[in-house]
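Structural features, examined
Below are the chains, spelled out letter by letter.
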Amino acid sequence: MGMLKEFREFTLKGNVLDLAVGVIIGAAFGGIVSSVVDNVFMPLIGMLTGGVDFKSLSVRVGSAELKYGMFIQATVTFVIIAFFLFLVVKAVNKIRLKTTIVRDKIKTGILCSETLDFAAFDFRNEKQGVCF
């Protein structure tokens, strides 16, 4: 019974649940991006390249068929997902930087009560200087 209890505690930790939610949302987002690439971007790119259907691009080497068009399509999907993640990380870093600046100003006593970011303020830390 002890191992079951440990497993339950492990699976209910915040980090594990956050990771699970992230994986599920990431999989759903990947499906959406794949659909957009397959049904919007690649037909437009195909139209611009003279009606090329990238899914059907392949070359025969002996008895094997190398579907390089599928590789091109997967690469476009990857680039779009990577660019979106770059934008998300950039936005999160910008928010963290603003929070750090506010915390530094609170600690040095530069901010007054009208502009105090109470969400970023640690009331347990008595050494923070704040002008009230």
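Residues numbered from 1 in each chain as written. Predicted model: local features only at pLDDT ≥ 70, side-chain atom pairs only at ≥ 80, totals over all residues. Heavy atoms only, no water.

1. Overview of the overall build of the chain
- A tally of regular secondary structure across the chain gives 3 helices and 4 strands.
- Put simply, the chain has 132 residues, and 12% of those count as buried.
- In the chain, of all internal contacts separated by at least 6 residues, the share reaching a separation of at least 24 is 25%.
- By element, 68% of the accessible surface of the chain is carried by carbon and sulfur atoms, the whole surface being about 10,500 Å². (Helix = DSSP H or I, 4+ residues; strand = E, 2+ residues; numbered from the N terminus. Buried < 20%, exposed > 50% of the residue type's maximum accessible area, 1.4 Å probe, protein only. Contact = heavy atoms within 4.5 Å. Areas by Shrake-Rupley, 256 points an atom, 1.4 Å probe, with all protein chains shown as cover.)

2. Here we look at the environment of Gly-69
- Secondary-structure assignment places Gly-69 in helix α3 (residues 68-107).
- Of the residues examined, Gly-69 reaches a relative accessible area of 0% and is grouped as buried.
- In the structure, Gly-69 is positioned 10 residues away from Val-59 in sequence and 9.5 Å away in space, judged by C-alpha atoms.
- In this structure Gly-69 touches Phe-54 and Leu-57, once residues within four positions along its chain are discounted.

3. Observations concerning the side chain of Thr-77
- Residue position: Thr-77 is located in helix α3.
- With sequence-adjacent residues up to four places away left out, Thr-77 is seen in contact with Val-33, Ser-34 and Val-37.

4. Brief notes about the side chain of Gln-73
- Assignment of secondary structure puts Gln-73 in helix α3.
- When residues no more than four places from it in sequence are discounted, the contact partners of Gln-73 are Val-37, Asp-38, Met-42, Phe-54 and Lys-55.

5. Concerning a nonpolar patch on the surface
- A cluster of nonpolar side chains, namely Ile-32, Val-36, Val-40, Phe-41, Leu-44, Ile-45 and Met-47, defines an oily patch on the protein surface of about 610 Å² accessible area.
- Tracing the backbone shows Ile-32 in helix α2 (residues 14-48). (Patch = residues over 30% accessible without salt bridge, like charges linked within 9 Å, V, L, I, M, F, W, Y side chains within 5 Å. Salt bridge = Lys/Arg side-chain N within 4 Å of Asp/Glu carboxyl O.)

6. As for the confidence of the model for the chain
- Looking at the chain, pLDDT values average 77 and 73% of them are 70 or higher.
- Contacts from residues 128-132, a stretch scored under 50 in pLDDT, to residues over four places away or in other chains number 20 contacts. (pLDDT = per-residue confidence, 0-100.)

7. Details of the environment of Leu-66
- With respect to the helices and strands, the residue Leu-66 is situated in strand β2 (residues 64-66).
- Relative accessible area serves as the criterion here: at 44%, Leu-66 is assigned to the partly exposed category.
- Among residues more than four places away in sequence, those in contact with Leu-66 are Leu-57, Ser-58, Val-59 and Val-61.

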